[in-house]
Amino acid sequence: MSDFKYFDKAYIASATTTTVKTGSGFLHALTLNTTAVGTITLKDGSTVFAIIKASAVEQTFHFDVTFATSLVVVTGAASDLTISYL
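What this report covers is the structure whose coordinates are included nearby. Since this is a predicted model, take the numbers as computed values, not measurements.

A word on the overall build of the protein chain. Regarding its fold elements, the protein chain presents zero helices and eight strands. For the protein chain, the succession of helices and strands along the chain, N to C, is β-β-β-β-β-β-β-β. Here the protein chain has a C-alpha radius of gyration of 12 Å; the compact-globule value for 86 residues is 12 Å, and the two agree. Considering only C-alpha atoms, the protein chain reaches an extent of 40 × 25 × 15 Å along its principal axes. The buried share of the protein chain, taken over its 86 residues, is 36%. Contacts in the protein chain between residues far apart in sequence, at least 24 positions, make up 75% of those at least 6 positions apart.

Right, here's the structure in full:
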């Protein structure tokens, strides 16, 4: 068996605050499936570590970073995005 790890995924399609994972983990990427309507904020618990501006076009943002407390995604408007994480 391979040591390759498959990422979990979370799909977000509304203006909401989503705790993607509680506890420590690894954020691989955020994929915008359509142009962002509102700002997208990424947090480790309550600590902001990235903000993607409204009107960002379809693309994948690779982060490859760890988080210690939890992975929280805040979408300022209805969104169409996928989070890849461990």
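By the criterion of burial, strand S8 (residues 81-85) is predominantly enclosed, with four of the five residues buried. Two strands pair when backbone bridges link them, and strand S1 (residues 8-12) and S8 are joined in this way by five bridges, in the antiparallel orientation. Residue pairing in the sheet places Asp-8 in a bridge with Tyr-85 of S8. Relative to S8, strand S3 (residues 25-32) runs antiparallel, the two being bridged by five bridges. The residue bridging Leu-32 from the neighbouring strand is Leu-81, located in S8.

Turning our attention to the sheet that holds S8. If you walk across this open sheet you meet the four strands as S1-S8-S3-S6, and the pairing is antiparallel. Because the sheet does not close on itself, it has two edges, and the strands there are S1 and strand S6 (59-67). For this sheet, the mean angle separating the axes of adjacent strands, direction not counted, is 20 degrees.

Cut-off values and rules
Residues numbered from 1 in each chain as written. Predicted model: local features only at pLDDT ≥ 70, side-chain atom pairs only at ≥ 80, totals over all residues. Heavy atoms only, no water. Helix = DSSP H or I, 4+ residues; strand = E, 2+ residues; numbered from the N terminus. Rg over C-alpha atoms; globule rule 2.2 N^0.38 Å. Buried < 20%, exposed > 50% of the residue type's maximum accessible area, 1.4 Å probe, protein only. Contact = heavy atoms within 4.5 Å. Pairing = 2+ DSSP bridges. Axes fitted to C-alpha atoms, helices over the stretch in contact; angles between N-to-C directions.

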